Amino acid sequence: MPTEPAPETPRVEAGRYRRLAAARERGLVVGAMALPYWIEREEGKWVLLVEEKSIEVVRPELEAFEAEEKAKPPTRAMLPAEKIPTFSLYVAGWLLIVFYLVQRRMGESWTDSGAADSTAILHGQWWRTITALTLHADGGHLGANLATGLLFAAFVIPRLGAGCAWLAILLSGAIGNAVNAWGYRSEMHSTIGASTACFGALGLLVGLELAALWREPHRRNSWQLVLPIGAGLALLAYLGVGDEGKTIDYMAHGWGLVAGIAEGMIASVLHLKERLTAPWQRLAGAITLALLAVSWVLARPS
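Residues numbered from 1 in each chain as written. Predicted model: local features only at pLDDT ≥ 70, side-chain atom pairs only at ≥ 80, totals over all residues. Heavy atoms only, no water.

Go over unusual backbone geometry with me, naming the residues and quoting the values.
A positive phi angle, near 55°, is found at glutamate 43, a position not held by glycine. For glutamate 43, the location among the structural elements is in the loop between strand S2 (37-42) and strand S3 (45-51). Unusually for a residue other than glycine, histidine 271 sits at a positive phi of about 55°. Among the secondary structure elements, histidine 271 is positioned in the loop between helix H11 (247-270) and helix H12 (272-275). Accessibility expressed as a relative area gives 35% for histidine 271, which makes it partly exposed. (Helix = DSSP H or I, 4+ residues; strand = E, 2+ residues; numbered from the N terminus. Buried < 20%, exposed > 50% of the residue type's maximum accessible area, 1.4 Å probe, protein only.)

Next up, the structure:
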């Protein structure tokens with residue numbers, strides 16, 4: 001803590017800073033040496049003052065602190081700095097719209113055959129965990145999922161690559177539906193919508209950020225680790241409850257978020273973006289489309 005100046009204490013300037021936080025950080029360096037310091041405002045800057053007799057001891061410590069600060073790698077931003085590829089976003093958007101139009105034309109039998117029915121899933125119809133992601137109750141349901149899902153995906157793609165990102169998003173939604181079905185194993189339960197995958201995409205962002213913060217201990221504190229989780233839970237609370245506040249929708253969204261967090265952390269640890277070249281990214285994208293196609297082939301009404 002800065003000490004109160006004694007009137008007879010000669011003081012000299014040890015540093016001048018634009019931000020108060022920067023002056024306080026350097027003050028802590030002086031305080032760690034068991035020496036008094038003061039911070040004053042002067043000509044729009046924050047001035048760090050020390051006793052005149054201490055300046056020769058303080059100056060090398062402050063220089064060492066500045067050198068250490070410059071040697072630290074820059075903080076990585078959660079939002080992508082590079083241009084976001086949009087082609088796959090258009091493809092995903094149009095696919096969901098086409099699926100919705102087919103659903104409207106084919107009627108209830110089509111919806112029933114692809115919904116995430118807990119009993120059917122637990123009896124081996126795994127494809128329902130995927131087909132349910134392409135079905136929606138109405139246009140508003142579809143529009144909300146398009147808006148949130150494409151927004152989250154736009155920030156995941158630069159971090160993982162387009163192919164890997166969409167495969168991870170699809171799998172997070174499928175895992176979320178599968179776990180949700182197990183949670184309702186003792187009762188009849190059915191759900192539809194891409195919301196689980198949308199929250200899977202959000203979870204991927206949170207997981208990637210958590211893993212990145214963990215790898216940067218010099219930039220890490222407890223709040224930086226809590227913040228990504230808090231942001232995910234806040235959005236889940238705000239957007240996660242479905243029509244008429246049904247808890248079942250909330251649970252599906254929550255499991256999608258958890259699956260996405262786990263996938264994001266694994267992807268970060270394995271450095272998938274750096275390891276997967278363009279051919280592998282295309283392969284991941286092809287697998288995503290193949291999973292959708294195979295799932296609907298298995299699910300189509302007889």
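We are not done yet, so read on.
Outline the packing of aromatic side chains, supporting the account with residue identities and numerical values.
Scanning the entire structure with this criterion turns up 3 aromatic pairs. With 6.4 Å between their ring centres and 25° between their planes, phenylalanine 99 and tryptophan 296 make a pair best called stacked. Here the residue phenylalanine 99 occupies a position in helix H3 (residues 87-106), and tryptophan 296 occupies one in helix H13 (residues 278-299), the gap between them amounting to 197 residues. Pairing tryptophan 126 with tryptophan 127 gives two aromatic rings, centres 5.9 Å apart and planes at 75°, and the pair type is edge-to-face. Classification of tryptophan 127 by relative accessible area gives buried; the value is 16%. Ring pairing ties together the aromatic residues Phe99, Trp110 and Trp296, which thus form one cluster. The ring of tryptophan 182 carries the charged tip of arginine 185 above its face, separated from the ring centre by 3.9 Å. (Phe/Tyr/Trp six-rings, centres within 6.5 Å; stacked < 30°, edge-to-face > 60°. Lys NZ or Arg CZ within 6 Å of the ring centre and 35° of its normal.)

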